[in-house]
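Structural overview for review
Here is how the chains run, residue by residue.
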Amino acid sequence: MCSHRPACPAADRPDRDAAQTVAFHPEQGWSLLCNGTIVFDDTGELLPTGAVVAPRREVRAGLLATAA
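Summary of the structure given here. What you see is a predicted model, and the numbers here were worked out from it, not measured in a lab. (Residues numbered from 1 in each chain as written. Predicted model: local features only at pLDDT ≥ 70, side-chain atom pairs only at ≥ 80, totals over all residues. Heavy atoms only, no water.)

Attention shifts here to the overall build of the protein chain. Summing up its helical and strand segments, the protein chain has zero helices and five strands in all. Reading the secondary structure of the protein chain in the N-to-C direction produces β-β-β-β-β. In the protein chain, once contacts between residues fewer than 6 apart in sequence are set aside, the share between residues at least 24 apart is 20%. Counting every atom, the protein chain has about 5,100 Å² of accessible surface; 57% of that belongs to carbon and sulfur. (Helix = DSSP H or I, 4+ residues; strand = E, 2+ residues; numbered from the N terminus. Contact = heavy atoms within 4.5 Å. Areas by Shrake-Rupley, 256 points an atom, 1.4 Å probe, with all protein chains shown as cover.)

Listed in full, the five residues of the largest apolar core are Cys8, Ala19, Leu33, Cys34 and Val39. Here Val39 is in contact with Asp17, Gly29, Trp30, Ser31, Leu33, Gly44 and Glu45, once residues within four sequence places are set aside. (Core = buried A, V, L, I, M, F, W, Y, C linked by side-chain atoms within 4.5 Å. Buried < 20%, exposed > 50% of the residue type's maximum accessible area, 1.4 Å probe, protein only.)

Next up on the list: the side chain of Arg16. Note on placement: Arg16 falls in the segment before β1 (21-25). From its side chain, Arg16 meets the backbone oxygen of Ala11 in a polar contact 3.4 Å long. Non-local contacts of Arg16, meaning those with residues more than four positions away in its chain, are made with Pro9, Ala10, Ala11, Leu33, Asn35, Thr37, Glu45, Leu47 and Val53. (Polar contact = N/O pair within 3.5 Å; in protein donor to acceptor, adjacent residues only side chain to side chain.)

Our next topic: the state of the cysteines. Counted according to the given criterion, the structure contains zero disulfides. Here Cys8 stays unpaired: no disulfide links it, and the sulfur of Cys34, its closest cysteine neighbor, is 3.3 Å away. (Disulfide = S-S within 2.5 Å.)

Right, let's get into the side chain of Ser31. Turning to its location among the elements, Ser31 is positioned in strand β2 (residues 30-33). We classify Ser31 as buried; its relative accessible area is 12%. Beyond its immediate stretch of four places on either side in the chain, Ser31 contacts Thr21, Ala23, Phe24, Thr37, Ile38 and Val39.

Across a sheet, paired strands are connected by hydrogen bonds in the backbone, their directions being either parallel or antiparallel. If you walk across this open sheet you meet the five strands as β1-β2-β3-β4-β5, and the pairing is antiparallel. Each end of this open sheet is capped by a strand with a single partner; those strands are β1 and β5 (52-53). Sheet topology note: the β2/strand β3 (residues 38-40) ladder contains three bridges and is antiparallel. Bridge pairing links Trp30 to Phe40 in β3. (Pairing = 2+ DSSP bridges.)

Written out as structure tokens, the structure reads:
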């Protein structure tokens with residue numbers, strides 16, 4: 001899919017998010033990369049194969065609450 005030089009990383013590579021954005025829809029919360037990956041605002045991804053990459057959520061210290 002990519003016609004950039006140098007070519008963007010393929011969708012099956014760990015650095016796939018470095019591919020260039022070809023469609024940006026912030027009102028809907030997603031972007032399409034030139035390697036066919038759909039990236040969602042919550043950091044989840046849908047690969048061209050149909051595989052789903054779960055969102056990568058960071059846990060910040062001090063934001064966790066303990067139930068009494």
